[in-house]
Amino acid sequence: MKTSLFFLYLLSLSYFNVLLVFGTGRSEGKENPFTAKASLIRYWNNHISNNLPKPPFLISKASPLNAIDLAKLTQLANHNSLSSHIESFCSLANLFCSFQEDSSKLDAVGKGKGDANFAVYSSKNFKGYGSLRRGGIDSFKNYSDGLNTPNESFKKYSRGSNAHSEDFTSYAKDANVAIDNFTNYGSSTTGGSGGFNNYQERVNVPNLRFTSYDSDGNKHKLSFSSYSSETNSGSEAFTNYGKKGKAVPAEFTSYSSNANTIGSSFAGYGVLGNSANDSFKAYGDSGNNPRNNFKIYGLASKLGIDSFTSYRDSANVGADSFQSYARDANSGKVNFVNYGKTFNVGNSTFKEYGKGSTGSTTIGFKMYDLARSFLDYAKKGVTFAGYTNSSSKETSVNKWVEPGKFFRESVLKQGNVMVMPDIRDKMPRRSFLPRGILSKLPFSTSHLSELRNIFGASMEGMLENALTECERPASRGETKRCVGSVEDMIDFATLVLGHSVTVRTTENVKGSKQEIMIGEVKGINGGEVTKSVSCHQSLYPYLLYYCHSVPKVRVYEAEILDVTSKSKINHGVAICHLDTSAWSPTHGAFLALGSSPGQIEVCHWIFENDMTWTIVD
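Residues numbered from 1 in each chain as written. Predicted model: local features only at pLDDT ≥ 70, side-chain atom pairs only at ≥ 80, totals over all residues. Heavy atoms only, no water.

> Honestly, the overall build of the protein chain in this entry has me stumped. Any pointers?
Of the regular secondary structure elements, the protein chain holds 12 helices and 32 strands. Burial status across the protein chain gives 52% buried among its 617 residues. Residue pairs in contact within the protein chain that sit at least 24 positions apart in sequence constitute 75% of those at least 6 positions apart. In the form shown here, the protein chain has an accessible surface area of approximately 26100 Å², with 51% of it arising from carbon and sulfur atoms. (Helix = DSSP H or I, 4+ residues; strand = E, 2+ residues; numbered from the N terminus. Buried < 20%, exposed > 50% of the residue type's maximum accessible area, 1.4 Å probe, protein only. Contact = heavy atoms within 4.5 Å. Areas by Shrake-Rupley, 256 points an atom, 1.4 Å probe, with all protein chains shown as cover.)

This is the structure:
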């Protein structure tokens, strides 16, 4: 009777109290049934209809939350209260979040008489720094160099200063994922200068935001030299830049040169400026797939000079958009020299260019590529000179396509020697979220403000980039879904392939960036054309994968050998896309292999922490 009453008592308890009764540790060597990992294993057993071993590399990505923490965080998620416990949430769930040390004590330095020299300094949050300074200079050197995820925020920086200078030298150099946010920077300043030298050089994933930068400034010179050069796959945004500025010279020299897939956005740039002087030199040169967006640039400016010299020279494809450029300008000068001399055609669009300009405004183009589109531009005062015929440009192998990144199916033969690309995962380490928590978090660009409130404003650019890619319409023949839990990934894989599936990835990263020898090769499902679901990481606070299935592929496993000793160093998984007809003609695979859509198959390795699902062989 007592035993029955005890179990009735247990059943009457809330879920959270049950967790307290059972505890969080293992009992007799078994996984606690209320942990996130235990729930995943049950889900796997119920949805995967084969007895193959569970893949350790995937199970290890499950949420590390124990039973009690899972219950607490789930309850917070149900009540939309995670934002008030964000630090513990990120720590317990192994997320990538951005927390800054409050440097309010340091703000006092900027209000004193002495200059501030910050060297070997990192990841601080500056609020109200350098306000009302009179003369002097603040210098940031070797700031956040070589860190994995530096995160700096400058708010109300140098506001209302006079003849004061700021110097950022060797800032966040060689970082992995860098997040910098400059808000209300240099507003209402008079004289002085701001210099960014060697800023975010060789960063893997830059995320830079300049908001309300130098508004209402007066002769405060801004200089960007060697800015985000040699970076990879990131974004930079200038919003409300130089608004109502007076005689503000801005110089962009060696900006995003040799960058890979960088996105730059200039919105509200130089609006209502007076006698501004903006100079863009060596901007985006030799970049791979750069995407620059100039929106509402120089609106109603007066007596301004905008000069673009060597813009996107030798860049590979990409897209540039100029919308509402120099509209309603008065007595200004806009000059493009050597614009868009790419060796592989990109896509540039000009809308409302110089429309409504008055006075002696002159707009000129020299050495400009034919493959451009001009819409609704000023019919008078625009001079085009020195067109270059795009058909005469060199279309040789793109230097930006890493050797070995794409290869033909015939290369996968035992005994062949090839170069393996760098397959190392450079993303920050994260875990999936449990489905119960994930389902309570918004996931769309329409709810970006809610996500910003949860994870912080400094993460907004990263959040928006991932969400935009997830919301992009599927390509022809593609089935796609973004997943933030293993359960969601299982659902998508089984929806496409059925329930008897398995998942594979390359065993390790050995052989990266060096010559390797192909050992024994095995074609999955006998090397026949098959279906697969490939999943690639996206940068997001929790582990997020872009999973997609494309038609007509073959999947291979291959022993990877050391060229000299012939000993096995890795076990690689490769996928070959047989139908490339829907791919862009400017896809790196065609540049590297010298072909065009639909003419060849294209193969690539599955990189570290990426994976591909197939029907069981």
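> In this structure, what is going on with the packing of aromatic side chains? I would like to understand it.
How two aromatic rings sit relative to each other is set out by the distance from centre to centre and by the angle between their planes. By the definition in use, this model includes 6 aromatic pairs. Judged by centre distance (5.0 Å) and plane angle (75°), the rings of Tyr 540 and Tyr 542 are edge-to-face. Given a relative accessible area of 0%, Tyr 540 falls into the buried group. According to the relative accessible area criterion, Tyr 542 is buried, its value standing at 2%. Each ring, one from Trp 583 and one from Phe 590, has its centre 6.0 Å from the other, and the planes form 50°; the classification is tilted. Following the ring pairs from residue to residue traces out a cluster consisting of Phe 443, Tyr 540 and Tyr 542. (Phe/Tyr/Trp six-rings, centres within 6.5 Å; stacked < 30°, edge-to-face > 60°.)

> Teacher, can you tell me more about helix H11 (residues 486–497) here?
Note on helix geometry: an α-helix contains 3.6 residues per turn, so any two residues three or four positions apart are oriented the same way. The end-to-end C-alpha distance of H11, which contains 12 residues, comes to 16 Å, matching closely the 16 Å that a straight helix rising 1.5 Å per residue would cover. With 10 of 12 residues buried, H11 lies mostly within the body of the structure. All of the buried residues along H11 are Val 486, Glu 487, Asp 488, Met 489, Ile 490, Phe 492, Ala 493, Thr 494, Val 496 and Leu 497. Looking at the residues trailing H11, positive phi occurs at Gly 498, about 95°. (Expected span 1.5 Å × (residues − 1).)

> I'm lost on the environment of Asn 184 in this one. Help?
Topologically, Asn 184 is positioned in strand E7 (residues 177–185). For the pair Asn 184 and Thr 211, spaced 27 residues apart in sequence, the C-alpha separation works out to 6.2 Å.

> I'm lost on the sheet that holds strand E30 (residues 568–577) in this one. Help?
The strands making up a sheet associate through backbone hydrogen bonding, with each pair oriented either parallel or antiparallel. The antiparallel open sheet is built from 5 strands, whose spatial order is E23-E26-E29-E30-E31. Pairing within the sheet leaves two strands with one partner each, and these edge strands are strand E23 (417–420) and strand E31 (602–605). For this sheet, the mean inter-axis angle between neighbouring strands, taken without regard to orientation, is 45°. Sheet analysis places E30 next to E31, joined by 4 bridges and oriented antiparallel. Within E31, the residue paired with Ile 575 across the bridge is His 604. (Pairing = 2+ DSSP bridges. Axes fitted to C-alpha atoms, helices over the stretch in contact; angles between N-to-C directions.)

> Can you walk me through the sheet that holds strand E32 (residues 611–615) in this structure?
Here we have 5 strands laid out as an open sheet, ordered E24-E28-E27-E32-E25, and antiparallel in their pairing. The sheet terminates laterally at strand E24 (479–483) and strand E25 (501–504), the two strands that pair on one side only. The sheet shows a mean angle of 20° between the axes of neighbouring strands, direction not considered. Here strand E27 (residues 532–538) pairs with E32 via 4 bridges, running antiparallel. Along E32, the bridge assignment pairs Ser 534 with Thr 612. Helix H10 (residues 460–471) contacts E24 and strand E28 (544–549) of the sheet and is inclined by roughly 150° relative to E24.

> What is the right way to look at the packing of helix H3 (residues 36–47) against H11 in this model?
For any two helices packed against each other, one specifies the crossing angle of their axes together with the interaxial distance. Look at H3 against H11: their axes get within 10 Å of each other, and the N-to-C directions meet at 10°. When the interaxial angle is binned, H3 and H11 end up roughly parallel. Counting all contacts with H3, which are made through Ser 39, Leu 40, Tyr 43, Trp 44 and His 47, the residues of H11 involved are Val 486, Glu 487, Ile 490, Asp 491 and Thr 494. Residues belonging to the contact of H3 with H11 are distributed by class as follows: 5 nonpolar, 3 polar and 2 charged. (Parallel < 35°, antiparallel > 145°, perpendicular 65-115°, else oblique. Nonpolar A, V, L, I, M, F, W, Y, C, P; charged D, E, K, R; others polar.)

> Got a minute to help me understand the pattern of salt bridges in this structure?
Two side chains carrying opposite charge are able to pair once their charged atoms lie near each other. Per the counting criterion, the structure on display carries 14 salt bridges. Among the salt bridges present, the one from Arg 435 reaches Asp 488, with a minimum N-O distance of 2.9 Å. Of the two residues, Arg 435 is situated in helix H8 (residues 435–438) and Asp 488 in helix H11; the sequence distance between them amounts to 53 residues. Taking the shortest distance from any N to any O, the salt bridge between Glu 557 and Arg 504 comes out at 3.0 Å. Residue Glu 557 is located in strand E29 (residues 553–562), and its partner Arg 504 is located in strand E25; the two are separated by 53 residues in the primary sequence. Residue classification places Glu 557 among the buried residues on the basis of a relative accessible area of 16%. Look at Arg 504 and you get buried, because its relative accessible area is 12%. Among the charged side chains, a network of salt bridges with common partners joins Asp 422, Arg 424 and Lys 426. (Salt bridge = Lys/Arg side-chain N within 4 Å of Asp/Glu carboxyl O.)

> Quick question: what am I supposed to make of the state of the cysteines here?
What is meant by a disulfide is a covalent connection between two cysteines, made through their sulfur atoms. Applying the stated criterion to the full structure yields 4 disulfides. Residue Cys 535 pairs covalently with Cys 547 via a disulfide, S to S 2.1 Å. Disulfide Cys 535-Cys 547: torsion about the S-S bond near 115°, hence right-handed. Placement of the pair is Cys 535 in strand E27 and Cys 547 in strand E28, with a sequence separation of 12 residues. Here Cys 535 matches Cys 547 in class, with each residue buried. Assigning the bonded cysteines of the protein chain consecutive numbers by sequence position, one obtains the connectivity 1-2, 3-4, 5-6, 7-8. (Disulfide = S-S within 2.5 Å.)

Interpretation in functional terms is not warranted from these geometric data alone.
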